[in-house]
Amino acid sequence: QVQLVELGGGLVQPGGSLRLSCAASGRIFSTHTMGWYRQAPGKQREMVAVIARDNRTAYVDSVKGRFTISRDNAKNTIILQMNSLKPEDTAVYYCQARDPFNANYVYWGQGTQVTVSS
């Protein structure tokens, strides 16, 4: 059983910051590509940020310069630091773990709501 435990969602005003975390087992954390996806009402789920085992990262253009994904190796956790938040960042954010050698093994967190509104 693979569990991805997400924390840190909430409501924040435009321009504010939030920090999301996703904790995985050591096995998953050390062997999988991990990242954050989001889904807003009426839209498809999109990749926000990913981080590979070698710590290479990629971001969707709309969050570049504002969001940072990183690993906390001691806690088997990935972090998404979100700064300068905009209303269009409002979505349910999902943590993902993906086996880079087998596309059939993709795991998702339960989702955490991020709302950016005044």
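Keep in mind that this is a model prediction, so the values were computed, not measured.

(A) Up close: the sheet that holds strand E7 (residues 67-72). Taken in spatial order, the four strands of this open sheet run E1-E3-E8-E7, and their pairing is antiparallel. Lying at the two open borders of the sheet, with one neighbouring strand each, are strand E1 (5-7) and E7. Averaged over all adjacent pairs, the angle separating strand axes in this sheet is 15°, with direction ignored. Where E7 lies against strand E8 (residues 77-82), six bridges are found, and the strand directions are antiparallel. Its bridge partner lying in E8, Phe-67 is registered against Met-82.

(B) Here's a closer look at the pairing of strand E5 (residues 46-51). In this structure, strand E4 (residues 33-39) lies alongside E5, joined through five bridges in antiparallel fashion. Considered in E5, the bridge of Arg-38 is made with Glu-46. Hairpin remark: E4 followed by E5, antiparallel, with six residues in the connecting loop; positive phi at Gly-42, about 80°. In terms of strand pairing, E5 meets strand E6 (residues 57-59) through three bridges, oriented antiparallel. The residue of E6 that forms the bridge with Ala-49 is Tyr-59. From the end of E5 to the start of E6, which pair antiparallel, there are five residues, and Asn-55 there has a positive phi angle of about 75°.

(C) Spatial organisation of the state of the cysteines. Throughout the structure, instances matching the rule amount to one disulfide. Put simply, Cys-22 and Cys-95 are joined by a disulfide, and their sulfur atoms are 2.0 Å apart. Taking the sign of the S-S torsion, about -80° here, the bridge from Cys-22 to Cys-95 comes out left-handed. Placement of the pair is Cys-22 in strand E3 (residues 18-23) and Cys-95 in strand E9 (residues 91-98), with a sequence separation of 73 residues. The pair formed by Cys-22 and Cys-95 is uniform in burial state, with each residue classed as buried.

Calculation rules
Residues numbered from 1 in each chain as written. Predicted model: local features only at pLDDT ≥ 70, side-chain atom pairs only at ≥ 80, totals over all residues. Heavy atoms only, no water. Pairing = 2+ DSSP bridges. Helix = DSSP H or I, 4+ residues; strand = E, 2+ residues; numbered from the N terminus. Axes fitted to C-alpha atoms, helices over the stretch in contact; angles between N-to-C directions. Disulfide = S-S within 2.5 Å. Buried < 20%, exposed > 50% of the residue type's maximum accessible area, 1.4 Å probe, protein only.

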